[in-house]
Amino acid sequence: QVQLVESGGGLVQAGGSLRLSCAASGRTFSRYTMAWFRQAPGKEREFVAALTWNGAIYYTDSVKGRFTISRDNAKNTVYLQMNSLKPQDTAVYYCAADLISSQSVIKFPASYDYWGQGTQVTVSS
């Protein structure tokens, strides 16, 4: 069982930066693929970034070059550094975790059993 708690959301102007954190419980954190998803009002939850247990990193095209996912296994924490934020990045951001072995399913919300409560990110123009 894994419990996830996100923090770091807020209101920022376009072009600004935020860093989201996701603290995980459990002693096997290093074995989990960790991911960030986001959901804007009226839209489906979409993949943002993922970092596998062995260090492979994936991003959705719209955030490449602006967002960076990282993890600190000693702190059981995964981060999402978001730079050059745009109004279209506005959403609730969710942290997710699971033991995923196939990269073909890493971008699908249904692949993850463990989710945080979400943190709101609002980017004003």
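Everything discussed here concerns the structure shown above.
No experiment lies behind these values; they were computed from the predicted model shown.

With respect to the secondary-structure elements, Thr 52 resides in the loop between β5 (46-51) and β6 (57-59). Discounting residues that sit within four places of it in the chain, Thr 52 has contacts with Tyr 32, Thr 33, Tyr 58, Arg 71 and Ile 106.

Further remarks concern the pattern of salt bridges. One pass over the full model with this rule turns up four salt bridges. Asp 89 is paired through a salt bridge with Arg 38; the nearest N and O atoms lie 2.9 Å apart. Here Asp 89 is found in the loop between β8 (77-82) and β9 (91-98), whereas its partner Arg 38 is found in strand β4 (residues 33-39), with 51 residues between them in sequence. Of the residues examined, Asp 89 reaches a relative accessible area of 1% and is grouped as buried. For Arg 66, the salt bridge goes to Asp 89, with nearest N and O atoms at 2.8 Å. A residue pair is termed long-range when its members are at least 10 positions apart, and Arg 66 in the loop between β6 and β7 (67-72) and Asp 89 in the loop between β8 and β9 qualify at 23 residues. Through salt bridges with shared partners, a single ionic network connects Arg 38, Glu 46, Arg 66 and Asp 89.

Time to look at the state of the cysteines. For the structure on display, the rule yields one disulfide. The disulfide that involves Cys 22 links it to Cys 95, with 2.1 Å between the sulfurs. Disulfide Cys 22-Cys 95: the torsion about the S-S bond is -80°, which places it as left-handed. One end of the pair, Cys 22, is in strand β3 (residues 18-24); the other, Cys 95, is in strand β9, with 73 residues separating them in the sequence. Judged by relative accessible area, which is 0%, Cys 22 ranks as buried. You can call Cys 95 buried: its relative accessible area is 0%.

Moving on, we get to the packing of aromatic side chains. Counted according to the given criterion, the structure contains six aromatic pairs. Ring geometry for Phe 37 versus Phe 47: centroids 5.7 Å apart, planes at 75°, classification edge-to-face. One end of the pair, Phe 37, is in strand β4; the other, Phe 47, is in strand β5, and ten residues separate them in sequence. Here the two residues Phe 37 and Phe 47 agree in accessibility, since each one is buried. In textbook terms, an aromatic cluster arises when at least three aromatic residues are bridged by ring pairs, as seen for Phe 37, Phe 47, Tyr 94, Tyr 112 and Trp 115. Stacked on the ring of Tyr 94, the Lys or Arg Arg 45 has its end atom at 3.7 Å from the ring centre.

Reading the values: the criteria
- Residues numbered from 1 in each chain as written.
- Predicted model: local features only at pLDDT ≥ 70, side-chain atom pairs only at ≥ 80, totals over all residues.
- Heavy atoms only, no water.
- Helix = DSSP H or I, 4+ residues; strand = E, 2+ residues; numbered from the N terminus.
- Contact = heavy atoms within 4.5 Å.
- Salt bridge = Lys/Arg side-chain N within 4 Å of Asp/Glu carboxyl O.
- Buried < 20%, exposed > 50% of the residue type's maximum accessible area, 1.4 Å probe, protein only.
- Disulfide = S-S within 2.5 Å.
- Phe/Tyr/Trp six-rings, centres within 6.5 Å; stacked < 30°, edge-to-face > 60°.
- Lys NZ or Arg CZ within 6 Å of the ring centre and 35° of its normal.

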